[in-house]
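Notes for the structure review
Chain residues, written in single-letter form:
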Amino acid sequence: QVQLVDSGGGLVPPGGSLRLSCVAPRLIFSTYTMLEMGWYRQAPGKQRELVATITSSGSANYADFVTGRFTISRNNSRKTVYLHMNSLKPEDTSIYYCHSRNTLNGESSWGQGTQVTVSS
């Protein structure tokens, strides 16, 4: 299991922006490059849903509801993945979780979650 520490959430008005970060502090560089990274979100009483994923080489995939507004990126040297969120809507309010999948053995890990609240 990989330790993932996510952060950057907060309160933002509609139309605003936030940047979430997720670091794997105990992982060596070579292992981090084997991980496909992603962000998920889950609101109270709702199902956890995939927001975006990114491969080690930087190929990204997005859920339809965030395409054009969110950007996922990663810096393998820093062992960090980011989620840049623009044009935020109240329905984006959720706990956002960092996720990793080891492409060699399929093992997955989760961050502790960071709260994003979009409200005026």
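Structure report, in brief. (Residues numbered from 1 in each chain as written. Predicted model: local features only at pLDDT ≥ 70, side-chain atom pairs only at ≥ 80, totals over all residues. Heavy atoms only, no water.)

**A short note on the overall build of the protein chain**
Scanning the protein chain from N- to C-terminus turns up 1 helix and 11 strands. Each helix and strand of the protein chain, ordered N terminal to C terminal, gives the series β-β-β-α-β-β-β-β-β-β-β-β. For 120 residues, the compact-globule formula gives about 14 Å, and the C-alpha radius of gyration of the protein chain, at 14 Å, lands near that figure. In terms of principal-axis extent, the alpha carbons of the protein chain reach across some 45 × 25 × 25 Å. Within the protein chain, contacts between residues at least 6 apart in sequence are counted, and of these 54% link residues at least 24 apart. With the model as given, the accessible surface of the protein chain reaches about 6200 Å², and the carbon-plus-sulfur share is 48%. In the protein chain, 11 positive and 7 negative side-chain charges are present, and the distance between their average locations comes to 7 Å. (Helix = DSSP H or I, 4+ residues; strand = E, 2+ residues; numbered from the N terminus. Rg over C-alpha atoms; globule rule 2.2 N^0.38 Å. Contact = heavy atoms within 4.5 Å. Areas by Shrake-Rupley, 256 points an atom, 1.4 Å probe, with all protein chains shown as cover. Lys, Arg positive; Asp, Glu negative; His and termini not counted. Charge placed at Lys NZ, Arg CZ, Asp CG, Glu CD.)

**Topic: the sheet that holds strand E1 (residues 5-7)**
The strand order E1-E3-E8-E7 describes an open sheet built from 4 strands, whose pairing is antiparallel. With partners counted over all chains shown, the strands left at the sheet margins are E1 and strand E7 (70-75), one partner each. Taken over all neighbouring pairs, the strand axes of this sheet differ in orientation by 15° on average, direction set aside. Alignment of E1 against strand E3 (residues 18-23), held across 3 bridges, turns out to be antiparallel. Of the residues in E3, the one forming a bridge with Val5 is Val23. (Pairing = 2+ DSSP bridges. Axes fitted to C-alpha atoms, helices over the stretch in contact; angles between N-to-C directions.)

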